Structure formats: C-alpha cells, structure tokens
Amino acid sequence: MNERYLQLRSLSEGLKLLKKRFSFEPEIINVPVQDSAGLVTAFAVHAPLSYPAGHLSAMDGIAVRSADTHGATDQSPVLITDYARVNTGNLIPSGYDAVIMIEDTEETGEGYLVRSSAYPWQHIRPVGEDIALGEMVLPGGHVIRASDIGAMASYGISTVDVLTLRVALIPTGSEIVNLGTTPKPGQVIESNMLMACAEIRKTGAQVTLYPVIPDDPDLIRKTVEEAVSSHDLVLISAGSSKGTKDYTSRIIGELGTVFVHGLAIKPAKPVIFGEISKKPVIGMPGYPVACHTILREIVLPALSWYGFYVPEHQVINARLAGPLHSDIGIDEFVLVTIGKINESWVALPMSRGSGIQMSLVRSNGFITIPASSEGLEPGSTVSVNLTTPISEALKTILITGSHDPVIDHLSDQLKNTGVFPSSVHVGSMGGLLALKRGDCHLAPMHLLSEDGDYNIAFLKRFMPGESLVLICVAEREQGIVSKTGLDFDAITTHRFINRQKGSGTRILLDYMLKERGINPDTIQGYSREVTTHLAVCLAVMSGDADLGMAVHSAAKAYDLPFIPVGTERYELVMRADAFESDKRIQGIISVIQSEKFKTLLSRLGGYRTSETGVIRKIIPS
C-alpha cells in the first residue's frame, strides 16, 4: 500500500521516520580471525590466556639471581657460578629473577664475571606483560585491522564474533546493460549499484549485486520478493520517479508499504522509503550523482544504526569561488574541489548535473545549501565536508581557465610528484578573473591582443600592478574540424558548434569574423556553446554539427580532418609569490620544462615546442 507519493519531506524528517520504523539490529556470525579484516566486532574480545604465558628473556645472556650480583663494579667484578644461559624469548628457569646481556659479561672457566649489579626483573618479560588472562583485546563495535588479527592470533583467539548485514542491490531499467556488455545507442552501462557495492562493503556489510532487471514489473516484483526473503536491506536503483516505466514505488506498495516518496533534497528528490516483510527497502534515483547522494546521506547513516563503522567527514571552512543559486525549501548538496591558496582554502563548485559522474571523480568535498537559503554568494565562507583525506586536498592545485587536452596529459605526468591538478574549463577570460579574485593557482589562457602578442596585454589591463609569471605550455594550432575537411569559409553554409564566451578560441573566432566582415547572426549554431575542444570534436563526430573550431590535438584524438587557421601561445599564468614559494607549482613547471613533456606534445600533434617551458614575467614599474 502506498502511503505517500512525492509528498516531499525534509531529509531530517525522512531519516527520523526511517529510524523509528525499524529496529536496525544486525545479525552476528562467528568467522575465522584470518578472515575478519574490515569487519566489526559484535562484542568485546577478551584474552583467553596471558601473553607471554611465562617469564621470558628479553635479551641474549645469562639468567641470574639479582642478589648474587650486588656490589659488582668494574674494579671489583663478581663471579657468577649459578646461572642459566638464555636467548631472547627463552623461558626463565625457576629461581632466577634477572638477565644480564651476554656482552656485559666475561666468561671464565668457573662461570661469568659481571661488572655491574643487576636489579630484579632486569631484561625479563614477565607473565602477562603484553596482556593478562581476561583482559580486553578489542572493544565491541571495533573495525578489525591487520594488526588486530596478528594480536588475536598471538593470544590464541582463532575465531571472532562480528556483525553482519545482508544487503541486496537491484539495478533496473531496459536501457541499462551490465558491465562487460557493449552498449547500443540509447543504452548505458550500469554503474550505480557497482558504486553502492564498493561503498557498502567498506563498512563490513555483505552485499549481493543482482544483474540488471529490465522494465518488466513482473520480473522486478519477483526479484524484489527473492531479495527481501534472503536479505536484511534492499536497495533498488532507478524507477523511483513518475515516468511511465517507473515501477519501484508501485511494486514496493504492492508487496508492502511505501511510507516516504520524495525528500526535499537536491539531487535525489524522488527517493523512496518502503517496508516489505518488516525489512527496509530503499528506492534510489537512476542518476549517478543522485544515487551517490542517497548512499552518503541515507544508506551510510542507516548502516551506522546497525552498528557498522561509517567514518565522519572532516569539515573545514573555505571561500566559495563562484555563485551558487538554489531553490527555497530544498536542501541542496553541491560537489566541490578545494585547494589551499596561500593560507586560505578555496572551494570550486563542480557541475551540478545529476548525471555528471566526473563531478564525483574530480571533487574532494561537498557543501550543503540549506533549504532556508536562496543560494550562496561568491567569496562567502562555506563549510566543506571533505570526501578525501586533508593531506590529499593539500596537494591539490586549482587550474581554472582555457581548456586544452594537454592539461589532462600534464596531470598524468604529475602522478609521481604528489601534486593533484584539478581543472575547470571556464575560458581564458574566466581564468583570468578567477586568478584576479585569488580563486585558482594557475590560469591557462591564450588571449590574442591587437599587437599580435598573447595574454600580457589582457593581464596588465585586468590585473594592473600585479606581479605575474607566465610559463608557455606550447604554441598550438587552432583550426576547423569537420568530417569532410571543411575550411573556415564553410562557417556560413554549414552547422557550427561554438565555444563559450570568454574562451580564447571564441575571441579568436570573433576576431576572424570581424576581419572577414561576417555577421555572427548568419552562422547556424553560433549561439550553441560547449566548454572544451573535445566537446567540439564530439559534436562534429556525432553529427550534431558539421564543423567547429578546436586545437589540432583534439581533432587528432577523434581522427577528424583539421584545417589550421592559426597558431597561438598557450600559457599558464600565476602570481609571482606562488611561483617563488609554492613547491607544487615548482613541480608543475619542472614537468613542463622536461624533455619528456616536449616528447608528449610532439606525439599528440599540433604543438610547437620551441617556446615550451619559457617563462615570462610581468613586473609592475
């Protein structure tokens, strides 16, 4: 029976209803100690014996009665005739209470000379020094580590009681195919439940991942019934909205009860909470970012109620590097990448599309825009929940500006330097303004000025009085890409795909149109914008456009004909103080100036490397 249908509740209210409805009691199983890594102890684990079980020698030497050594000095050594020769780890024979290291003795025909007094229990590990019989080894609710396994084995513990929970993951959708299947047009590879499987297993719970179930209500119902009968928690991916093939809510209602359908959160608004046979069933949206939001905000908290270990996010304050608008009444979660610039953290918002999985890959944190807010202003202080260790965030370099495929290759060449570049493509002017605001470390740009030079005139105009450093990545070829070898003149007769306003490519295009007296309004597709050279090539490759302007390396990556229209200087710009003091930036510069990087540019095609690595400086007069 359906009790709710898209009647939005707040996240906190939904979690309260979920927690109140079920007992969240896990099962307990006994497993071999050697198989317990990552699992959670059900109860406290106590030592069944003392360790060590007897008094052991901590050194190679002789076991003695300490009283027999009293008065021994360098000038008056004492001869020990009653002793036992022992090695490290040997049991101390009864009657002896000290060990003298062999190097502190002198062997004679009658015994050993010692030149210093021994004290009781010297160099002896007493019974129970490590742990005593009955002492607690591990508390209940503890995630078992490799070192814990070694300790339990040493203390004679061969099995351990741990929490267990059987979680079923059911992906649905006729347009979804299993990993390993080549998708046809209109199909996508199932990824949500693979992501959920990895996330849930980290807590120590057991997971069953079902194959994709097509949009057949009878098949979905049969699978859900089977999963509920053999699992403690069931998650269903897709089918939670209001489309014609969204069966999840109806099937849960037929088999049990839907008590929440829709939370006032973004992404992931159409989430479902249901109950079948007294077990929780959660319907998750099909978009990857929405699915991840449900995992983080609902599934993982529920697993913590069962007693499984779910680490808390470290929270830091950062300056927001762009505006974020939001709807009143909705808690919105926004993925961000943070990096430290000088002594301040900066948060760079990622794309907010629910289907943009790369936002998950590129982000290292998230912020929450509360339901009471219409958004956040740029420059405001925000609380960022880190999704990676802060040590990794400290290695992040924020690169904001013009796109070039070589930036991704540069990131790969930096993998062994401990530097993590994070790039956002907002065009050359967007990067310049971000650098001016202090919202990035590096700004890639290729802005052509009237004097024929690149970048410097724009930097002096928009950042007057600033000391700046430019390093040339390469001189690159810009040109027209198409499937049939079209040239620039075809721009008025064929469908065009454009770059965004403020990008250097767009500025170059507009400069060339003005030179030729071509009105942009006469170009079909002039107003359709994408943010990368690769996106231009993809639009041409897929047939959405006949031609576009991109760099040679992007055309080569897609094996598209390329007609050059000019060569431009592509540079990374940074503040002079960062150039001088930031070791991460110095690492990037070293890579750019390396022969290995120049070889890469030559292999990619369309780059001239004679200026690669050349540094120019802007020093205010």
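A quick note: this is a predicted structure, and the numbers were derived from the prediction, not measured.

### A word on the overall build of the chain
Item 1. Within the chain, the regular secondary structure consists of 17 helices and 38 strands.
Item 2. Reported as C-alpha extents along the three principal axes, the dimensions of the chain are approximately 110 × 75 × 45 Å.
Item 3. Sorting the 621 residues of the chain into buried and exposed places 50% on the buried side.
Item 4. When the accessible area of the chain is evaluated, it comes to approximately 28100 Å², of which 51% is carbon and sulfur surface.
Item 5. Taken as two groups, the 55 positive and 67 negative side-chain charges of the chain have centres that lie 8 Å from each other.

### Quick notes on the pattern of salt bridges
Item 1. Counting across every chain of the model gives 31 salt bridges.
Item 2. For the salt bridge of R476 with D404, the shortest nitrogen-to-oxygen distance reads 2.5 Å. A residue pair is termed long-range when its members are at least 10 positions apart, and R476 in strand β32 (residues 468–482) and D404 in the loop between β29 (396–401) and α9 (405–413) qualify at 72 residues. For the pair R476 and D404, one class covers both residues: buried.
Item 3. Here the salt bridges do not stand alone but share partners, grouping D453, R569, E571, E611 and R616 into one network.

### Some thoughts on the side chain of S363
Item 1. With respect to the helices and strands, S363 occurs in the loop between α7 (357–362) and β26 (365–369).
Item 2. Owing to a relative accessible area of 10%, S363 belongs among the buried residues under this scheme.
Item 3. Within polar-contact distance, the side chain of S363 engages the backbone oxygen of S359 at 3.0 Å.
Item 4. There is a polar contact of 3.3 Å between the side chain of S363 and the backbone oxygen of L360.
Item 5. In this view, S363 contacts L335, V336, T337, M350 and T387; residues no more than four positions away in its chain are not counted.

### Topic: the pairing of strand β36 (residues 562–575)
Item 1. Pairing of strand β31 (residues 443–445) with β36, which is carried by three bridges, proceeds in the antiparallel orientation. Among the inter-strand pairings, A443 is bridged to a residue of β36, identified as V573.

### Describing the confidence of the model for the chain
Item 1. The pLDDT averaged across the chain works out to 93; a share of 98% of its residues lies at or above 70.
Item 2. A low-confidence stretch, residues 1–5 stays under pLDDT 50, and its non-local contacts, those more than four residues away or across chains, total 21 contacts.

### What about the nonpolar core?
Item 1. By size, the foremost hydrophobic cluster in this structure holds 68 residues, and its most contacted members are I200, I282 and I298.
Item 2. Per element, the largest residue contribution to this core is ten residues, and it comes from helix α6 (residues 288–305).
Item 3. Leaving out residues up to four positions away in the same chain, I200 has contacts with V167, L169, A205, V207, L235, V299 and L303.
Item 4. Core analysis: the second largest hydrophobic core is formed by 28 residues, I471, V473, L572 and L604 among them.

### Concerning the sheet that holds strand β21 (residues 279–284)
Item 1. With mixed pairing, six strands are arranged side by side in an open sheet as β16-β13-β17-β21-β20-β18. On the outer flanks of this sheet lie β16 (206–209) and β18 (257–261), each paired with one strand and no other. Geometrically, the sheet is characterised by an average inter-axis angle of 20 degrees between neighbouring strands, direction not taken into account.
Item 2. Of the pairings in the sheet, the one linking strand β13 (residues 166–171) to β16 comprises four bridges and is parallel in character. Across the sheet, residue L169 finds its bridge partner in β16, namely L209.

### Brief notes about the environment of E392
Item 1. Take E392: it is sitting in helix α8 (residues 390–393).
Item 2. On a C-alpha basis, the gap between E392 and N364 in space is 8.7 Å, while along the polypeptide they are 28 residues apart.

### Considering a nonpolar patch on the surface
Item 1. Where nonpolar side chains cluster on the molecular surface, the patch consists of L179, I189, L194 and L209 and spans about 340 Å² of accessible area.
Item 2. Tracing the sequence through the fold places L179 in the loop between β14 (176–177) and β15 (188–189).

### Notes on the packing of helix α3 (residues 192–201) against α6
Item 1. Packing of α3 against α6 brings their axes to within 10 Å, and their N-to-C directions diverge by 30 degrees. As the angle between them shows, α3 and α6 are arranged roughly parallel. The hand of the α3/α6 crossing is right-handed. Counted together, N192, M193, M195, A196, E199 and I200 of α3 and P288, C291, H292, L295, V299, L300 and L303 of α6 form the full contact between these two elements.
Item 2. In the contact of α3 with α6, the residues fall into ten nonpolar, two polar and one charged.

### Topic: the pairing of β13
Each regular strand displays side chains that alternate between the two surfaces of the sheet.
Item 1. Counting buried residues along β13, five of its six residues qualify, which places the element largely inside the surrounding structure.
Item 2. Pairing geometry for β13 and strand β17 (residues 233–237), over five bridges, is parallel. Residue pairing for β17: A168 is matched across the bridge by V234.

### A short note on the environment of I407
Item 1. Within the secondary structure layout, I407 lies in helix α9.
Item 2. For I407, a relative accessible area of 3% puts it in the buried group.
Item 3. Taking the C-alpha atoms as reference, I407 lies 9.7 Å from S422; in sequence the two are 15 residues apart.

### Quick word on the packing of α9 against helix α17 (residues 595–604)
Helix-helix packing: each pair is described by the crossing angle between the helix axes and the interaxial distance.
Item 1. Interaxial distance between α9 and α17 falls to 11 Å at its minimum, and their mutual angle equals 145 degrees. Helix-helix and strand crossings are classified by hand; for α9 and α17 the assignment is right-handed. Only K596, F597, L600, L601 and L604 of α17 make contact with α9, whose side of the interface consists of V406, H409, L410 and Q413.

### Some details on unusual backbone geometry
Item 1. Along the chain, Y51 connects to P52 via a cis peptide bond; the corresponding omega equals -5 degrees.
Item 2. The residue P52 is located in the loop between β2 (45–46) and β3 (56–57) in this model.
Item 3. The amide bond that connects K266 to the next residue, P267, takes the cis arrangement and shows omega of 0 degrees.
Item 4. Mapped onto the fold, P267 is located in the loop between β19 (265–266) and β20 (272–276).
Item 5. For S277, which is not glycine, the phi torsion reads 55 degrees and is therefore positive.
Item 6. Along the polypeptide, S277 turns up in the loop between β20 and β21.
Item 7. Residue classification places S277 among the exposed residues on the basis of a relative accessible area of 57%.
Item 8. With a phi angle near 55 degrees, N342 is a residue other than glycine that sits in the positive phi range.
Item 9. With respect to the helices and strands, the residue N342 is situated in the loop between β24 (331–341) and β25 (344–349).
Item 10. Assessed through its relative accessible area of 58%, N342 is described here as exposed.

Parameters and conventions
- Residues numbered from 1 in each chain as written.
- Predicted model: local features only at pLDDT ≥ 70, side-chain atom pairs only at ≥ 80, totals over all residues.
- Heavy atoms only, no water.
- Helix = DSSP H or I, 4+ residues; strand = E, 2+ residues; numbered from the N terminus.
- Buried < 20%, exposed > 50% of the residue type's maximum accessible area, 1.4 Å probe, protein only.
- Areas by Shrake-Rupley, 256 points an atom, 1.4 Å probe, with all protein chains shown as cover.
- Lys, Arg positive; Asp, Glu negative; His and termini not counted.
- Charge placed at Lys NZ, Arg CZ, Asp CG, Glu CD.
- Salt bridge = Lys/Arg side-chain N within 4 Å of Asp/Glu carboxyl O.
- Polar contact = N/O pair within 3.5 Å; in protein donor to acceptor, adjacent residues only side chain to side chain.
- Contact = heavy atoms within 4.5 Å.
- Pairing = 2+ DSSP bridges.
- pLDDT = per-residue confidence, 0-100.
- Core = buried A, V, L, I, M, F, W, Y, C linked by side-chain atoms within 4.5 Å.
- Axes fitted to C-alpha atoms, helices over the stretch in contact; angles between N-to-C directions.
- Patch = residues over 30% accessible without salt bridge, like charges linked within 9 Å, V, L, I, M, F, W, Y side chains within 5 Å.
- Parallel < 35°, antiparallel > 145°, perpendicular 65-115°, else oblique.
- Left-handed = near helix turned anticlockwise from the far one by under 90°.
- Nonpolar A, V, L, I, M, F, W, Y, C, P; charged D, E, K, R; others polar.

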